[in-house]
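Chain by chain, the residues run as shown.
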Amino acid sequence: TPRSPAHHPAMDAAGALAEGNAFFVDDDLARAVESYTLALDLEDGMLRALVNRAAAQCRLGEWMPALEDAKRAAEADPSCEAAFFHKGVAAFELEEFEVAKASFEKGRELLTAGGGPDRRKYSTWIRKCDVELAADDAPPPVAAAPAPAPAP
């Protein structure tokens, strides 16, 4: 089993990334985040570490750090489909529905193979955004008028 990053003082960024991936697969997400952070400390802006850390943070419900990492990854490589997916999920959970929808649309656009489950995944998230955006645009419900008092 993988060991804590503290046990590897001479580890390079690729080793920390690999260790993070092993923790991620084992569903040890907090340790995965630690390893990805170490990889980023050793190699600032390492795209795979940013994307994977965003994925782990999403699974942990750490939406703001996930969004920040996914944004950095998308800015570093505008062709990184996974960055846009994680950005969309984090933005959606933070109720930034317009940002989420734009991210999901960009991620879907980056998929070169037509159809398939990944494309459907994006379509589902885009529909969820549309529902939330429509709810935001809907007028508030009108209170029903009180019933007239019964005649004496």
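Throughout what follows, the structure given in this document is the object of discussion. This is a predicted model, so every value here is computed, not measured. (Residues numbered from 1 in each chain as written. Predicted model: local features only at pLDDT ≥ 70, side-chain atom pairs only at ≥ 80, totals over all residues. Heavy atoms only, no water.)

Observations regarding the packing of aromatic side chains
Item 1. The tally for this structure, following the rule as stated, stands at six aromatic pairs.
Item 2. On the basis of an interplanar angle of 90° and a centroid distance of 5.6 Å, the ring pair of Phe85 and Tyr122 is categorised as edge-to-face. Within this pair, whereas Phe85 is found in helix 5 (residues 81-93), its partner Tyr122 is found in helix 7 (residues 116-137), the two being separated by 37 residues in sequence. Residue Phe85 shares its accessibility class with Tyr122, and that shared class is buried. (Phe/Tyr/Trp six-rings, centres within 6.5 Å; stacked < 30°, edge-to-face > 60°. Helix = DSSP H or I, 4+ residues; strand = E, 2+ residues; numbered from the N terminus. Buried < 20%, exposed > 50% of the residue type's maximum accessible area, 1.4 Å probe, protein only.)

Thoughts on helix 3 (residues 47-60)
Item 1. Spanning 14 residues, helix 3 covers 20 Å between terminal C-alpha atoms, matching the ideal 20 Å at 1.5 Å per step.
Item 2. Of all 14 residues making up helix 3, 10 are buried, and the element is well covered by its neighbours.
Item 3. By the burial criterion, the buried members of helix 3 are Ala49, Leu50, Val51, Asn52, Arg53, Ala54, Ala55, Ala56, Gln57 and Cys58.
Item 4. Buried residues belonging to helix 3 abut helix 1 (13-25), helix 2 (29-42), helix 4 (63-76) and helix 5.
Item 5. Just downstream of helix 3 lies Gly61, where phi reads positive at about 80°. (Expected span 1.5 Å × (residues − 1). Contact = heavy atoms within 4.5 Å.)

With respect to the packing of helix 1 against helix 3
The description of two packed helices rests on the angle between their axes and on the distance between the axes.
Item 1. Remark: helix 1 packs on helix 3, axes separated minimally by 11 Å, with the N-to-C direction vectors making an angle of 25°. Taken together, the axes of helix 1 and helix 3 are roughly parallel relative to one another. Crossing of helix 1 over helix 3 shows left-handed handedness. For the pair helix 1 and helix 3, the contacting residues are Leu17, Asn21 and Phe24 in the first and Arg48, Ala49, Asn52, Ala55, Ala56 and Arg59 in the second.
Item 2. Class assignment for the residues of the contact of helix 1 with helix 3 results in five nonpolar, two polar and two charged. (Axes fitted to C-alpha atoms, helices over the stretch in contact; angles between N-to-C directions. Parallel < 35°, antiparallel > 145°, perpendicular 65-115°, else oblique. Left-handed = near helix turned anticlockwise from the far one by under 90°. Nonpolar A, V, L, I, M, F, W, Y, C, P; charged D, E, K, R; others polar.)

Brief notes about the packing of helix 3 against helix 4
Item 1. The contact between helix 3 and helix 4 brings their axes to 8 Å, and the two run at 155°. Taken together, the axis directions place helix 3 and helix 4 in an arrangement best described as roughly antiparallel. Read as a crossing pair, helix 3 and helix 4 show a hand that is left-handed. Each of Leu47, Leu50, Val51, Arg53, Ala54, Gln57 and Cys58 in helix 3 lies in contact with helix 4, whose residues at this interface are Trp63, Pro65, Ala66, Asp69, Ala70, Arg72, Ala73 and Ala76.

Re unusual backbone geometry
Item 1. At Asp27, a position not held by glycine, the phi torsion is positive, near 65°.
Item 2. Along the polypeptide, Asp27 turns up in the loop between helix 1 and helix 2.
Item 3. Accessibility expressed as a relative area gives 47% for Asp27, which makes it partly exposed.
Item 4. Of note, Glu95 is a non-glycine position whose phi angle comes to about 65°, a positive value.
Item 5. Among the secondary structure elements, Glu95 is positioned in the loop between helix 5 and helix 6 (97-110).

Remarks on the nonpolar core
Nonpolar side chains tend to gather and get buried jointly when the protein is soluble and globular.
Item 1. Core analysis: the biggest nonpolar cluster contains 19 residues, and Leu17, Ala39, Met46, Ala49 and Ala83 have the highest contact counts within it.
Item 2. When residues in this core are grouped by element, the largest group, five residues, is from helix 2.
Item 3. With residues up to four places along the chain from it excluded, the contact list for Ala83 reads Val51, Ala70, Ala73 and Ala74.
Item 4. Within the second largest apolar cluster, 17 residues are counted, among which are Leu67, Phe85, Ala100 and Leu111. (Core = buried A, V, L, I, M, F, W, Y, C linked by side-chain atoms within 4.5 Å.)

Details of the pattern of salt bridges
Where charged atoms of side chains with opposite charge meet at close range, the side chains can pair.
Item 1. Going through the model one piece at a time under the given rule, you end up with seven salt bridges.
Item 2. Two residues, Asp28 and Arg31, come together in a salt bridge whose shortest N-O distance is 3.6 Å.
Item 3. Classification of Asp28 by relative accessible area gives partly exposed; the value is 25%.
Item 4. The exposure class of Arg31 is partly exposed, given its relative accessible area of 27%.
Item 5. Residues joined in a network through salt bridges with shared partners are Lys101, Glu105 and Asp130. (Salt bridge = Lys/Arg side-chain N within 4 Å of Asp/Glu carboxyl O.)

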